[in-house]
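# A look at the structure
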Amino acid sequence: MPPPIVHHPAYTADIPAEHRFPMQKYRRLAEILVADGLAPAGFVVPEPASAAELALAHDRDYVDAVLALAVPPAIEREIGLPMNETVVRRARAATGGTILAARLALSHGLATNTAGGSHHARSDQGAGFCTFNDVAVAIRVLMAEGRIGTALVVDCDVHQGDGTAEIFLGDANVTTLSLHAEKNYPVRKRQSTIDIGLADRTEDRAYLAALDEILAPLLDRMHPDIVFYNAGVDPHADDRLGRLSLSDAGLAERDRVVIEAVRGRSIPLAGVIGGGYGADVEPIARRHALLHHAAAAFAG
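First, a word on what this report is: a plain description of the structure on this page. Every value quoted in this text rests on a predicted model; they were computed, and no experiment measured them.

### Thoughts on helix α1 (residues 25-35)
- Taken together, the buried positions of α1 are K25, Y26, L29, A30, I32 and L33. Along α1, the residues classed as buried sweep out an arc of 160° about the axis, all on the same side.
- Considering only its buried residues, α1 is in contact with β1 (5-6), α5 (85-108) and α10 (281-299).
- G37, located one to two residues past α1, shows a positive phi value of around 75°.

As structure tokens, this is what we get:
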């Protein structure tokens, strides 16, 4: 059986068709995974994250403002999504999905979410299409439940995981690794535990070499209780908001390398899909499917 995959129909929110965020990729990704036989028993459906869970990583005033559809216009502009009821429902469902994927990873060794990776959301607000930081919330939930003591975030989205870095700055129990395009968003970077900023147009070989150089020694040194892997596909050469030059094969090899490095050391891994942008959701959804195929191949 393939590893469990978490999905919720609410991952697809209602936003204008011309919006540059490719919201329909979540629905299409789920269709592809079913067609490819990766969910033979169906998806695991999460419960939306509660206000109490969200407040473990975010200021309660911000959480309450989001849930009440009362986000100040300036913050709504920074988030970049219309903060309507379906967008808020999506943010809660996606965060609940990452919490569930993490719990499943602890029991099965490996699990993935068909959303998540909202790494620009900081403790006091959202930004960059990210309302709540699902990975940060999941880590705090698992720690509050006593399920984990340490965690490692391996963030391979093309943009620096500034929100995750800010939330866990100074927390010795959480290590944040961000492998990103140095000149891409956000302009103001936050300090991760380890930041690897890559030059524009970095291709497969150099990217994979940088990942290989850091990941195995880091895992051996800290051996965390769980790894959260942000498998953003925006490092792809054709991505609308990326500045790197990975191919489909390079992304697939990256996912394989991360999963094998983590699971080869018997460390649970929860995978989230991160960013991927463009006008045509078909190639983006198929790139996001690479994470789930890599997980199934390892489990198989």
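Once the structure has been displayed, the description carries forward.
### Observations regarding the environment of N133
- Turning to its location among the elements, N133 is positioned in the loop between β2 (110-113) and α6 (134-144).
- A relative accessible area of 1% places N133 in the buried class.
- Considering only alpha carbons, one finds N133 and I167, 34 residues apart in sequence, at a separation of 9.1 Å.
- Discounting residues that sit within four places of it in the chain, N133 has contacts with H58, S118, H119, A121, G163, T164 and I167.
- A polar atom in the side chain of N133 sits 3.1 Å from the backbone nitrogen of A136.

### A closer look at the sheet that holds β1
- Read across the sheet, 7 strands follow the order β1-β2-β7-β6-β3-β4-β5 without closing on themselves; strand pairing throughout is parallel. Looking at strand neighbours, the two that pair on one side only are β1 and β5 (194-198), the edges of this open sheet.

The rules we used
Residues numbered from 1 in each chain as written. Predicted model: local features only at pLDDT ≥ 70, side-chain atom pairs only at ≥ 80, totals over all residues. Heavy atoms only, no water. Buried < 20%, exposed > 50% of the residue type's maximum accessible area, 1.4 Å probe, protein only. Helix = DSSP H or I, 4+ residues; strand = E, 2+ residues; numbered from the N terminus. Arc of directions from axis to C-beta. Contact = heavy atoms within 4.5 Å. Polar contact = N/O pair within 3.5 Å; in protein donor to acceptor, adjacent residues only side chain to side chain. Pairing = 2+ DSSP bridges.

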